[in-house]
Every structure is written in structure tokens, then in C-alpha cells.
Amino acid sequence: MDNRTMLVIVVGGAGLLGLVAAAAGKSGLFSGGKNFSLSEFFVTDTGLDNDTDDPKVLANIQALIDGVLQPIRDQWGKVTITSGYRSAEVNEAVGGASTSQHLTGSAADIVMAAGVDRMAVVEWMHASGLQFGQAIYYEDTNHLHVSTGTKREVLYKDASGYRTVYSG
Ligand SMILES: [Zn+2]
């Protein structure tokens, strides 16, 4: 059975989620929102295979775009994803937590355009009332971690560990 045959069976069996998968699969039909494509969420510098057709993951990525990434893009300009979805192997290779939201396609590490203050971005995420799970500012890198959810938790990470900036 080839992948295309399997996808048809998934669509037949899983209803709406299957249709989402069919639209979002490797056919290039994934809408992604105005400024994001599915392939951006599968990037990895580990050399490991890191893409998926799992309809739950694809739906989570779409929710991450619609709820978090596109609003940030609309307000702050170009957003570059340095790590989105992670397979279990990739997550282990990069030392990710076993409960990481990257494993379900619900989190992304992003780099903002030159000149954009990352702290201003996370302050805006909180102050604007945006629904998100976590936003983490990493002092020792140039990226932010953002995820879907309802906690609206903002963390600041430096050499001494994680500090809570906003708990909700
Ligand atoms: Zn992350």
C-alpha cells in the first residue's frame, strides 16, 4: 500500500480530521495561513527524518499558526521558525523535555526580524490578551519559544534557570 492509498483510508475513517490531513498533507494544499507553510514546521538541523502526516499534529500546527504565530507575524513582521514539530527522535537529539509541546506540533521556536525586541513581543503577547500556552524568552539564544494553550505563562530563562514573568 503506498502513502496515497493510506491517506484515502485515513480520510474515510477519520472524518473531518482526515480531511484536514488530506488538505494539509505533502500535496502542498496546506493553507498554513498567510505567511507560513507546513514545511517550515519540519525543519531540523539534526539530520533526522522529521515530518509527519499525523492529522492530530497537522491540526495542532494549524491551531498554532492561527492562534499564535500569525497574530505575532501581523503585529511584528517576519517570523522565522527554527524548530516546530519534533519527532521523538529529534526531540531526544536536541535534549527536549519528554513532555515538550514540540512533540505534538503545538510549539515553535521562532526568531524575529532584526531590530525587533523579543521582550517587547512577549510583553505584547500577554498585554494584548492573546490566547497562548507559554512564551519563553531565552537570554542565551536569539529565539523565543511559543505554544498554544490557555495558561498565558511567560518565562524568562537565563543561566540560573527559569523565572516566571507572568503566571497567567
Ligand atoms: Zn521550544
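1. Focus on the confidence of the model for the protein chain
Caution is warranted with low-pLDDT regions, since their predicted coordinates should not be read in detail. Taken as a whole, the protein chain shows an average pLDDT of 87; of its residues, 82% reach a score of 70 or greater. This model gives residues 21-29 a pLDDT under 50, and the stretch forms 15 contacts once residues within four places in sequence are excluded.

2. What to know about the environment of Asp 158
Take Asp 158: it is sitting in strand S5 (residues 153-158). Sequence-wise, Asp 158 and Asp 140 are 18 residues apart; in three dimensions their C-alpha atoms are separated by 6.5 Å. Look past the residues within four positions of Asp 158 in its chain and what remains in contact with it is Glu 139 and Asp 140.

3. Section: the sheet that holds strand S3 (residues 134-138)
One open sheet accounts for six strands, arranged S1-S2-S4-S3-S5-S6; its pairing is mixed. The open sheet is flanked by strand S1 (79-83) and strand S6 (161-166), the only strands paired with a single partner. Ignoring which end each strand starts from, the neighbouring axes of this sheet average 30 degrees apart. As judged from the three bridges shared by S3 and strand S4 (residues 144-147), these two strands associate in the antiparallel manner. What sits directly across from Ala 135, in S4, is Val 146.

4. Re the environment of Thr 104
Tracing the backbone through its elements, the reader meets Thr 104 in the loop between helix H3 (88-93) and strand S2 (107-112). We classify Thr 104 as partly exposed; it has 19 C-beta atoms within 10 Å. Residues Thr 104 and Ile 61, 43 residues apart in the sequence, show an inter-C-alpha distance of 8.3 Å. Leave out the neighbours within four places in its chain, and Thr 104 touches Val 57 and Asn 60.

5. What to know about the nonpolar core
Grouped burial of nonpolar side chains is what soluble globular proteins tend to show. Within the largest apolar cluster, 27 residues are counted, with the highest numbers of intra-cluster contacts made by Phe 41, Ile 61, Leu 69, Ala 108, Ile 110, Ala 135 and Val 146. Looking at this core, the elements that each hand over two or more residues are helix H2 (55-76), S1, S2, helix H4 (118-127), S3 and S4. Counting residues per element, this core draws most heavily on H2, which supplies eight residues. Sequence-distant contacts of Ile 110, that is, excluding residues within four places in its chain, are made with Val 79, Thr 80, Ile 81, Thr 82, His 143, Leu 144 and Val 146.

Conventions we followed
- Residues numbered from 1 in each chain as written.
- Predicted model: local features only at pLDDT ≥ 70, side-chain atom pairs only at ≥ 80, totals over all residues.
- pLDDT = per-residue confidence, 0-100.
- Contact = placed C-beta atoms within 7 Å.
- Helix = DSSP H or I, 4+ residues; strand = E, 2+ residues; numbered from the N terminus.
- Pairing = 2+ DSSP bridges.
- Axes fitted to C-alpha atoms, helices over the stretch in contact; angles between N-to-C directions.
- Buried ≥ 20, exposed ≤ 12 C-beta atoms within 10 Å, placed from the backbone.
- Core = buried A, V, L, I, M, F, W, Y, C linked by C-beta atoms within 7 Å.

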